Amino acid sequence: MADTMQFDLVSPERSLASFQVNAVQIPGADGDMTAMPGHTPVITTLRPGVLKAEGPDGAKEYVVSGGFAEINATGLSVLAEKAIPLNEMTRAHLDELIADARAKHESAKETFKNEPGPVDDAAKLLADMVALGDHIAL
Amino acid sequence: MPSLKDLKLRIESVKSTRKITKAMQMVAAAKLRRAQEAAEEARPYAERFNAVMAGLAASVGGSDSAPKLLSGTGKDDVHLLVVMTAERGLCGGFNSNIARLARQKIEELKTKGKTVKILTVGKKGRDALKRDHASLFVGHVDLSEVKRLGYADAQGIARKILDRFDAGEFDVATIFYSKFVNVVTQIPTAQQVIPAAFEAADGEEAGASTLYDYEPGEEEILADLLPRGVATQVFSALLENGASEQGARMSAMDNATRNAGEMIDKLTIQYNRSRQAVITNELIEIISGAEAL
């Protein structure tokens, strides 16, 4: 079995990364997972978090703000709504993301007063964003 | 017969028009390159997205519990037409082609007895449709302040569409935009976004052949992805439109520049002829004056 696989990270506006990797850590909606070559085909949604791609030339980290990942035996594509390389991430970016999540939470509270589902989702998104900030220690 | 002075002024004015159209053409060419790059960079995302969605839709689509965004509301009485055009004119038939396609669709739907609602993106489309169909307007998105189209703009438009859908204001949504083929060809296109219609993946990738695990469940993923799908489609339409607009403007301005050149040549010939005629006249006057003595 090959010990590397193709990794693509694309956002709607541009393609951010495309290279061979040994393993990728993905912040899945139901928990983090690490995908390695030969993984079972999986499609999972992402929560905001840090995505770590370990290639032969070292690891690269990206901050993703949701989207989904498609994993199969030969490769992995991550379609992120917004993705920023970790070393380019700044407090301003994060604040923007958090403000966004907060606005969504507020509007969810407005629109879905009697349905807890969407409000909880939005609250979780907001919590994820804040946790992300703590995690990368900005 | 215009006087020499008139002709001279005329030539000068056509010359400065040519300068302007030439400059606009070059600006459009530069912007076109950028717009094309943006469209190209967005393509991988849209393609993968559609491939995944097609696979998902195929496996979930048949069930009764499929989300409304995919299966529709079960009716097609009220249509929302999202007409996307440019914010500026002077780009040949670009805006009017899109408006014409939209107008045809409106007439067609009206004769079938459907209700039509219009949401416009871009000032020119609003102006073109307002004359005949002002009562059908439900909204307008202004992008004139936007320097560089971002995904956020598409999300904003998608949000407007989805909110109306959630409120049950329409059953079918179609977006109108212009597909960019090359600088001289842009095809006005109508594309249905709700209920979502995904083109089946091409034979070689055939999403259905690989069986995926879904985490969380298929339906949750689908419910999460469908609204994004609308935004993605709107975004690629916006980008195609952007490239088409610049392409159309470029060829329109190229034509205008060439026409101005021809006009200048014609006027110059006319100017020279009249100048010669004046000289000849003067000579005749002098000679006949001399002979009379």
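It should be emphasised that the depicted structure is a prediction, and the values quoted were computed from it without experimental measurement.

Which residues make up the overall build of chain A, and what values do they have?
Counting its secondary structure elements, chain A contains two helices and 10 strands. Going from the N terminus to the C terminus, chain A shows its helices and strands as β-β-β-β-β-β-β-β-β-β-α-α. Burial statistics for chain A: of 138 residues in total, 36% are counted as buried. For chain A, contacts bridging at least 24 residues in sequence account for 50% of all contacts bridging at least 6.

Which residues make up the interface of chain B and chain A, and what values go with them?
Each side of the interface is counted separately: chain B has 21 residues, and chain A has 20 residues. Sorting the residues of the side of chain B that touches chain A by element identifies α1 (4-60), β6 (213-215) and α6 (218-292) of chain B as the ones contributing at least two each. Sorting elements by how many residues they give to the side of chain B that touches chain A places α1(B) first, with seven residues. Considered class by class, the residues forming the side of chain B that touches chain A number 13 nonpolar, three polar and five charged.

Explain the environment of Arg43(B) to me, using residue names and the numbers behind them.
In this fold, Arg43(B) is placed in helix α1. With 106 residues separating them along the chain, Arg43(B) and Leu149(B) place their C-alpha atoms 15 Å apart.

Residues and numbers for the sheet that holds strand β1 (residues 78-84) of chain B, please.
Residues and elements named next belong to chain B. Here we have five strands laid out as an open sheet, ordered β3-β2-β1-β4-β5, and mixed in their pairing. The open sheet terminates on both sides in strands that have one partner only, identified here as β3 (137-141) and β5 (186-194). With direction set aside, neighbouring strand axes in the sheet form an average angle of 20 degrees. Here seven bridges tie β1 to strand β2 (residues 115-121), and the two strands are oriented parallel to one another. Opposite Val-78, over in β2, you have Thr-115 as the bridge partner.

Each value, and the rule that gives it
- Residues numbered from 1 in each chain as written.
- Chains lettered and ligands numbered in written order.
- Predicted model: local features only at pLDDT ≥ 70, side-chain atom pairs only at ≥ 80, totals over all residues.
- Helix = DSSP H or I, 4+ residues; strand = E, 2+ residues; numbered from the N terminus.
- Buried ≥ 20, exposed ≤ 12 C-beta atoms within 10 Å, placed from the backbone.
- Contact = placed C-beta atoms within 7 Å.
- Nonpolar A, V, L, I, M, F, W, Y, C, P; charged D, E, K, R; others polar.
- Pairing = 2+ DSSP bridges.
- Axes fitted to C-alpha atoms, helices over the stretch in contact; angles between N-to-C directions.

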